[in-house]
Amino acid sequence: MSPRRVLAGYCVIMAALVVANFALPALHLILWSAIGLTSVAAIVTGVRINKPRRRAPWFLLAGAVASFITGDLIADVLTRLLDRQGFPSVADGFYLAVYVLIAAALVGLIRIGVARRDPSGLYDAVTVTAGLGLLSYIFLIRPYVEDPALSVLEKSFSIAYPLADIVVLAVGARLITAVRRSPALLLLAAGGVGLLSADVGYGLKQLNGVWETGGPVDIGWVAFYALWGVAALHPSMRELTEPKVHRAGEEHFGRLLLLGLALFIAPCVLYFEMRSGEVHDATVIAASSALLSGMVLLRLGRAVNVQRHTVQRERRLRRAGGALLMATDEAGVTATVRTAIAELLPLGRPHRVVLAPAGDGAVSMPYTRTLAPSLAEDLGDFEVTLCCPLAPVEGRESGRALYIAADEVTLVGVQEAAQILATQAALALERIALGEEIGRRNSEAYFRTLVLNTADVILIVGDHDQIRYASPSARALFGSDQLEGTPLPMAFAKESLVEVDRRLHELRTRGVDRPGDDLRVVGADGRPALVEATFRDLRGEPTVGGIVVTLRDVTERSRLQAELYQRATFDALTGLPNREVFLGRVQEAVSSGAENGATVGVLIMELDDFKVVNDTLGHSAGDALLVAVGKRLTEALRAVDGSYGAAGTVARLGGDEFAALVRRAGSAADVERVAEKVLASFATPFELPHGDVTATASIGVATTAEAADAQDLLRHADLAVYVAKDAGKDRWRRYESSLHSAVVERHKLRADLDRAIADGAFLLHFQPIVAIGDGRTHGFEALVRWNHPTRGMVSPAEFISVAEESGLIVPLGAWVLRNAVEAAAQWRLLHPGDEVYVSVNVSARQFRGREQGFARWVLQEIDRMGLPPASLLVEMTESLLLHDDGEVTAELAELREAGVRIAIDDFGTGFSSLSYLRRLPVDVLKLDKSFIDTIASSSEQHAVVDMIVQLSAILQLQIVAEGIETEAERDLLVAMGCHLGQGYLFSRPLSYGDASQWLLEEASGLQRGSRSAA
C-alpha cells in the first residue's frame, strides 16, 4: 500500500475514533485507548515506510505516546472500575515518563537536524520558555505549593507536571528554531501545543475542582495523538534529519515580536501584583527578569561574534582570491583552495577537499557513500560531503565541483564561504584554461571565441606597446572594445601612466612583473575605475607573440575597503581620528621626540555638563555640539602651530571626550600654554542650528617629562582631567605624581567604603536638638561615623563625598535612616510622654536610587517600626533643592503630606531665595554654624541672623541653630526668638546608649552636663 493511502486511512480511522469517543462517553475507556494505540501504530509504521536517517527519536516519540495512553488506561481503571481516587498513583509515573521521552526525542532531532544550528535559536527558546515558565509558576505551580491540604508527595507530583511542560516547551522551541520548516515539523509543533494546552487546562480545572473527562480539554490530547501520527506518516518527516544546504535568512518580525512579548511578561506580572496590593512572587519575577536579560545580552554577544567571524571570513576569502589570481595551473588552484578551506574551518578540524567532476550542478550535501566510488574513497569516512559546482559566469556549468568532506555541523558553517571560494576557483581555472588554450591554438579567431564571455579584460600588447587585441569585455570597462593601435599606457588615466610604463619595461627587460598599486582607467562616460592588472610575457608563444595584460575591475571592492578603513579609524560623527589612531600617532611622536629631545604633550578634554545639552535641547543638538567642538579644537591647535610646538592630531576618544597631540614642544610649559589657548577658545559660544550654546571643558595635560610612552601619557592626562573636574570644571590641570597617589588613595577609600557598607562597619551617633532656653530635648540629629580598622575614625567630610560620587550613598543612607527610625521608635516606647523626633540627612541620589520611590520606602520603614511620621525630620541641602528637576520636590511633597517634616540644612550657605522658601514643601530651617560662630563678635552677622530668624517666623517656619558653643551665643539667639539649637554647649554627638541615658536623666530630672560620644 502506498504511503499516501496509509496516511489517508490513518486520518479516517482516527477521525472515526475521535467522533465516537465524544459521542459515546460510556465507551470512553475503550475508544480512548484505541486512539492512543492507533497513534503509536502510526508512528511506528511511519518510521518503517519513510525510513528516516535516524529512527531512535521517532521510537522515543512512539514510546511517549504509548506511556501516555498507558497512564490514561491505568487512571481510568483505577477511577472508573475500581473506584480508587488516590493521588499520586502508578498512572502518574507513566504520565511523567511521557515528558522525559518527549524531551529525549526532541533533543535527538535537534542534534541531528543541524541545518540551522544557531545559538541564537537556543537563546530565543530559553527567552520564550522563561516568560511562559513564570506564568506557569504563578498559575499552576504556586497554588500547589501553597495548598496545605496536599502532602509533600502530592505537591511534588503536582508541581512536576507543569515543570515537565516547561522542559518540553523549551526543547520544542529550540527544535523549531534549529530545524528548517517542514510539514512534519509543523505537525509535531501543533501536537505539542495541543499536549501543553491540555495539560494547562487540566491543571487549572483541577485547581478549581471542576475536572471531568470528555470536556474541551480532551481536544488538546486528541490533537497530540492524531497530529503526531500524521507527522510520522508524512514523507517530510525524513527532512528533519537529512543533511541540507543552509540558506542565510533574516530575522522575521513574528519571531522578534514573540521575543518582545516574552520579555514583557515579568514586568506585566509585577505590575498586576503591585496593583493587587501585594507582590507575592518578587523572587521568581526577579530571577525570571535576570534570566531574560541574560538571554538578551547573550543574543547581542552572539550577533557581535557573528559579525566578527564574517569579517574574518571575508578577509580570508580576499586573501584566497589574490592567491588564486597568481595560480598558474590546476594544481596551484587546488592547493590554494585546500589552504583556504583549512583557514575557514575551525582549527584542527579533520576534513578532505577534492576538485572533481560535478554531479547535478546544484549546491548540495549528499551522503559520501552515494558519490562515485573513487571520489568517495578520496573523501574518506565522513558521512556527508558539501558539493559546490564551479559555475563562474552567467550560470554556465563547468563540469567540475568543489567537494568538502567533514562533520556535518562544520559543513553547515562553511557552506556560504565554500560557494564563494568555488566561484573564485572557477574563475581561476577558467583563466588558466584560457591561457593554456592560447598556447595550444594557432588561430586568433578561435582565441576570441574562447574569451568572448570572460568578465576580465584581456589585452595583447605588441612590440611597440600598442594594443593588438582587446577582448569584448573591454567595452564595459573602457566604453569601447576598439582599442587596437592605441598605446597601452594611453588606455589608462594620467596618474597610472608611469606605473604602466614601469611594469612593461621590467617585464621586457627582466622577464618579471612586480605589481604595484591598482591602476586607474577612465571610461567613455568619464566614470573612473580601478583595475587589478596582471602582465604576462608570451612573446615566445608563436600563437600570441606579445604581452598579455589581464584587467579586473576592482572599483567596488576598493570602495568597500576604503569605507571599512574609514569606519575603523575615524569617528563617524565628527570625522576625527578615533582612539586607536590617536594612540598610534602619540607613540610615533614620543619615539621621534626621544630622538631629537623635544617634549611631546597630550591634552584630554571633557565637556562640562554635556548631559544638560542632551537633556534640554535633545540629542541632535548634542551631536551638533560635538561636531562644533571638534572643529573648534582643530582651529585652536592650528592657531598655535609653530608658536609652542607643532600641532598634532585632534581626536575624539568617545562620548564628550576629545584629545589633542602637541609635537616637538620646547618644554612642558609650552604644552601648558597650548592648554590655556584651547581653554580660551571655549569662551566664544557655539553657533548651532538649535541656537547659541555656551560650553566649557575640563582639560588634563600630560607631557613626556613624566611619561615614557603613549599609554602613560593618556593615563596621566585622564588623571589630570579627573582633578580638573573635581576642582570646579572649566579649567586645566597638568599631571603631577601626587595626583596619582591622591587618586589611588581615593579609590582605596572607595573600596574600603564598599566593604564597610557590606560588613555594616558604621556607627550611628545622635546629637541632641534642645530648646536653647531651658535645655529640654526635642530631638536628635543622626550622624554616621566610620571607625576604619587602620585609619581610625574617618571624618564624614572624607567619605561622604566618595559615597556620593560612587553611588554608595544609597545603601549607606538607607542604613542610616533605618537605624535612626529604629532608635526613635525605641525611645518613644521607653518615654511615651516625650515627643522626641529624629533628624536624618538625605542625599539626592537616594531619591533616584529606588524603583518604588524614595518617599514610599521611607513611609514603609516608619510604619514598620510604628513611628509616627511627625517623629521623622528629613534634612536636604538648599543647593539640591535649587537644582531639582521636579522629581525630588514631588517626593518631598509626598512625605510632607504623610506627616514627615522637611528641613533645609546649612541654610544661608547656598543661594538662599525667598521664592523657593515659599514654593518648596519646607517646615524647618537649620541655620549653619558659620553664622553662629561670629554672632557675638560681628554686628553685621548678628543682624543677618536676626533677619533670618524673623523671616522664618513670618513664613511660619521653625528654625534650628547649629554649632552653638558658648553661653553668649545661646543668650543672643534666645533674645532673637530662636527656640531650638544644637552644639557642643549642650552636648557632643552621643552613642545610642548615651542618648538613651540622656533622655532617662532628663525624664528623672537629673542635672546634666555636656556629653561627648562614647
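Scroll up a little and you will see the structure.
Summarised in this report is the structure supplied together with it.

## Focus on the packing of aromatic side chains
Then, in step 1: Tallying each qualifying case throughout the model produces eight aromatic pairs.
Then, in step 2: When the ring of Phe762 is compared with that of Trp815, the centres are 6.3 Å apart and the planes differ by 50°; the resulting orientation is tilted. Linking Phe762 in strand S16 (residues 762–771) with Trp815 in helix H26 (residues 809–830), this pair joins segments that are 53 residues apart in sequence.
Then, in step 3: Between the aromatic rings of Phe766 and Trp827, the centroid separation amounts to 5.1 Å while the plane-to-plane angle is 75°, which identifies the pairing as edge-to-face.

## Focus: the pattern of salt bridges
Then, in step 1: This structure, assessed with the given rule, holds 28 salt bridges.
Then, in step 2: Ionic pairing is found between Glu495 and Arg520, a salt bridge with its closest N-O pair at 3.9 Å. Linking Glu495 in the loop between helix H16 (474–478) and helix H17 (497–510) with Arg520 in strand S6 (residues 519–522), this pair joins segments that are 25 residues apart in sequence.
Then, in step 3: Judged by its relative accessible area of 55%, Glu495 falls in the exposed class.
Then, in step 4: Note that Arg514 and Glu506 form a salt bridge whose closest N and O atoms lie 2.7 Å from each other.
Then, in step 5: Arg514 sits in the partly exposed class, given a relative accessible area of 45%.
Then, in step 6: It is possible to trace a salt-bridge network through shared partners that takes in Glu499, Arg502, Glu506 and Arg514.

## Regarding the nonpolar core
Then, in step 1: In terms of nonpolar packing, the biggest core is built from 71 residues, with Phe766, Leu872 and Leu973 touching the most fellow members.
Then, in step 2: For this core, the leading source of residues is H26, giving eleven residues.
Then, in step 3: By size, the runner-up hydrophobic cluster in this structure holds 46 residues, among which are Ile43, Ile102, Phe224 and Tyr225.

## A short note on the side chain of Ser681
Then, in step 1: Mapped onto the elements, Ser681 comes out in helix H22 (residues 668–681).
Then, in step 2: Apart from the residues within four sequence positions on either side, Ser681 is in contact with Arg632 and Ala636.

## Here we look at the sheet that holds strand S11 (residues 657–665)
Adjacent strands of a sheet pair through backbone hydrogen bonds, lying either parallel or antiparallel.
Then, in step 1: With respect to topology, five strands assemble into an open sheet ordered S10-S11-S9-S14-S15, the strand pairing being mixed. Looking along the sheet, the strands with just one partner apiece sit at the ends: strand S10 (646–654) and strand S15 (732–734). Averaged over all neighbouring strand pairs, the angle between strand axes comes to 20°, with direction disregarded.
Then, in step 2: Strand direction decides the pairing type here: strand S14 (residues 697–703) and S15, joined by three bridges, are parallel. Pairing of Ile699 across the sheet is with Trp732, part of S15.

## Focus on the packing of helix H1 (residues 3–23) against helix H2 (residues 28–50)
Then, in step 1: Interhelical geometry of H1 versus H2 gives an angle of 165° and a closest axis separation of 9 Å. Comparing their axes, H2 and H1 come out roughly antiparallel. Judged by the sense of rotation from one axis to the other, the crossing of H1 with H2 is left-handed. Here H1 contributes Pro3, Val6, Tyr10, Ile13, Met14, Leu17, Val18, Ala20 and Asn21 to the contact with H2, which in turn contributes His28, Leu31, Trp32, Ala34, Ile35, Thr38, Ser39, Ala42, Thr45 and Ile49.
Then, in step 2: In terms of residue class, the contact of H1 with H2 is built from 14 nonpolar, five polar and no charged.

## A closer look at unusual backbone geometry
Then, in step 1: A positive phi angle is found at Asp609, which is not glycine, with a value near 55°.
Then, in step 2: You can see Asp609 is positioned in the loop between strand S9 (599–607) and helix H20 (610–617).
Then, in step 3: Assessed through its relative accessible area of 44%, Asp609 is described here as partly exposed.

Reading the values: rules and limits
- Residues numbered from 1 in each chain as written.
- Predicted model: local features only at pLDDT ≥ 70, side-chain atom pairs only at ≥ 80, totals over all residues.
- Heavy atoms only, no water.
- Phe/Tyr/Trp six-rings, centres within 6.5 Å; stacked < 30°, edge-to-face > 60°.
- Helix = DSSP H or I, 4+ residues; strand = E, 2+ residues; numbered from the N terminus.
- Salt bridge = Lys/Arg side-chain N within 4 Å of Asp/Glu carboxyl O.
- Buried < 20%, exposed > 50% of the residue type's maximum accessible area, 1.4 Å probe, protein only.
- Core = buried A, V, L, I, M, F, W, Y, C linked by side-chain atoms within 4.5 Å.
- Contact = heavy atoms within 4.5 Å.
- Pairing = 2+ DSSP bridges.
- Axes fitted to C-alpha atoms, helices over the stretch in contact; angles between N-to-C directions.
- Parallel < 35°, antiparallel > 145°, perpendicular 65-115°, else oblique.
- Left-handed = near helix turned anticlockwise from the far one by under 90°.
- Nonpolar A, V, L, I, M, F, W, Y, C, P; charged D, E, K, R; others polar.

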